[in-house]
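Structural overview
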Amino acid sequence: MRHPRTARIPALGGLLALLAGLLTVLGTAGTAHAAPLFKAPFPCGQKWTYSHHSAEVRQALDFIRSDGGATAGTPVLASASGTAYRYSQPSGAGNYVVIDHGGGWQTYYFHLSAYSVAHGEAVSQGRQIGTTGSTGNSSGAHIHYEQLYNGTGQSIVINGASLAPYPGSYGSKSLTSDNGCGGTPTKYWVDTFAAATGYAGPNSTDAQGVLNAGTNYVYCKVWGRQIGSGTSYNHWWLRTDLDTVYAGKNGRNAYVSAYYLSRWGNDEARDNNGTVIRDC
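It should be emphasised that the depicted structure is a prediction, and the values quoted were computed from it without experimental measurement.

We now examine the pattern of salt bridges. One pass over the structure, following the stated rule, counts seven salt bridges. Across the salt bridge formed by Glu146 and Arg58, the nearest N and O atoms sit 2.4 Å from each other. Here Arg58 lies in the loop between β1 (47–51) and β2 (61–65) and Glu146 lies in strand β9 (residues 143–149), a separation of 88 residues in the sequence. Overall, Arg58 belongs to the partly exposed group, its relative accessible area being 38%. Residues Lys249 and Asp206 are paired through a salt bridge, measuring 2.8 Å at the closest nitrogen-oxygen approach.

Further remarks concern the packing of aromatic side chains. In the structure shown here, the tally under the stated rule is 18 aromatic pairs. The ring of Trp236 carries the charged tip of Lys221 above its face, separated from the ring centre by 4.6 Å. Over the ring of Tyr199 we find Arg225, and its NZ or CZ is 4.7 Å from the ring centre.

Residues Phe63, Ile99, Ile129, Tyr145, Leu163 and Leu175 are the most contacted members of the largest nonpolar core, which totals 27 residues. Listed by contribution, the elements that provide at least two residues to this core are β1, β2, β5 (94–102), β6 (105–115) and β9. Residues in contact with Leu163, not counting those within four places in the same chain, are Tyr50, Leu61, Phe63, Ile156, Ile158, Lys173 and Leu175. Listed in part, the 14 residues of the second largest apolar core include Val256, Ala258, Ala269 and Ile277.

Okay, the side chain of Gln147 next. With respect to the secondary-structure elements, Gln147 resides in strand β9. Side chain to side chain, Gln147 and Tyr145 meet in a polar contact 2.9 Å long. Among the polar contacts made by the side chain of Gln147, one reaches the main-chain carbonyl oxygen of Val157 at a distance of 2.9 Å.

Another aspect to go through is the side chain of His144. By the element assignment, His144 lies in strand β9. A distance of 3.4 Å separates polar atoms of two side chains, one belonging to His144 and the other to Asp62. Looking at His144, its side chain comes within polar contact range of the side chain of Glu146, at 2.6 Å. Other than its neighbours up to four places away in sequence, His144 contacts Glu56, Val57, Ala60, Leu61, Asp62, Tyr108, Tyr109, Phe110 and His111.

With four of five residues buried, β1 lies mostly within the body of the structure. Examined bridge by bridge, β1 and β2 share four bridges and lie antiparallel to one another. The residue of β2 that forms the bridge with Ser51 is Asp62.

It is worth spelling out the pairing of β9 at this point. Successive side chains on a regular strand alternate, one facing one side of the sheet and the next facing the other. Taken across its seven residues, β9 has seven buried, putting it largely inside the fold. Where β2 meets β9, three bridges bridge the pair, whose relative direction is antiparallel. The residue of β9 that forms the bridge with Asp62 is His144. Note: β6 against β9, six bridges, orientation antiparallel. Residue pairing in the sheet places Thr107 in a bridge with Gln147 of β9. One ladder, built from two bridges, connects β9 with strand β10 (residues 152–153); its direction is antiparallel. Within the sheet, the bridge partner assigned to Leu148 lies in β10 and is Gly153. Where β9 hands over to β10, the hairpin turn is made up of two residues, of which Asn150 adopts a positive phi near 50°.

That bond from Ala164 to Pro165 is cis: its omega, 0°, falls within 30 degrees of zero. Here the phi dihedral of Asp267 falls at roughly 55°; this positive angle occurs in a residue that is not glycine. On the secondary structure map, Asp267 appears in the segment after β21 (254–257).

Turning our attention to the confidence of the model for the protein chain. Counting all residues, the mean pLDDT for the protein chain is 86, and 87% of those residues have values of 70 or more. Across the protein chain, β9 holds the top mean pLDDT of 97, while helix α1 (residues 4–29) sits lowest at 44. Between residues 1–10, whose pLDDT stays under 50, and residues either more than four places distant or in other chains, the model counts one contact. Segment residues 15–31: pLDDT under 50, and one contact once partners within four positions in sequence are set aside and those in other chains are kept.

Rules behind the numbers
- Residues numbered from 1 in each chain as written.
- Predicted model: local features only at pLDDT ≥ 70, side-chain atom pairs only at ≥ 80, totals over all residues.
- Heavy atoms only, no water.
- Salt bridge = Lys/Arg side-chain N within 4 Å of Asp/Glu carboxyl O.
- Helix = DSSP H or I, 4+ residues; strand = E, 2+ residues; numbered from the N terminus.
- Buried < 20%, exposed > 50% of the residue type's maximum accessible area, 1.4 Å probe, protein only.
- Phe/Tyr/Trp six-rings, centres within 6.5 Å; stacked < 30°, edge-to-face > 60°.
- Lys NZ or Arg CZ within 6 Å of the ring centre and 35° of its normal.
- Core = buried A, V, L, I, M, F, W, Y, C linked by side-chain atoms within 4.5 Å.
- Contact = heavy atoms within 4.5 Å.
- Polar contact = N/O pair within 3.5 Å; in protein donor to acceptor, adjacent residues only side chain to side chain.
- Pairing = 2+ DSSP bridges.
- pLDDT = per-residue confidence, 0-100.

In structure tokens:
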């Protein structure tokens, strides 16, 4: 006859194993995925002020430029890498992009004047996804920006630091971007046949200064408004640093038209060696 205590030991061991497994599952289910290291949704070196309106959905922030540059037409950049999706809501968010960063994290960018990515396109941090506008239910150009985890709005965190508590109006708090700075940017050397006016963005008419004629460096290209017409035109805009900066403007990371390149053809953006300039 088997001893009673001997018979109960395997059952007790199985129960403990079951409990351990259950605790493991519960612990895993309750573990949040770490957020990406989000950066500001606007270009390197630019300073923007922000505010939160009590009627806003979730925990959104609205950004406008405070460094003298124009808000409208300025590139909107991906805060972190992911997959971008384009949407339109004329009565609300206007033209907007949602980036899925994986692990339950998403960022929203509302009221765009134009898209710079295809629906479902993979984007890297700092990639231009659109231009700042005022489409939808908006009273003026700004970036409406959100960070969500599993569909729930989160307090905005940039470079690991929370921007909370949010101000209720513009001007009291601001943020300078390091998005797209990338340490030492790649430079492409190009020849320009004439002095080129530099603008705040590829669709902006806000002149920031002048890039002198001659051999200059540029960082990257962005598709924007057409310069030139007929048999001579170009839609590409080259990000660079200007030689002459207008009073109160920002000459760093301004945009000049590839129309002024001394060689190549319509809608071409190549350096002096013939290398296609990378997208911003």
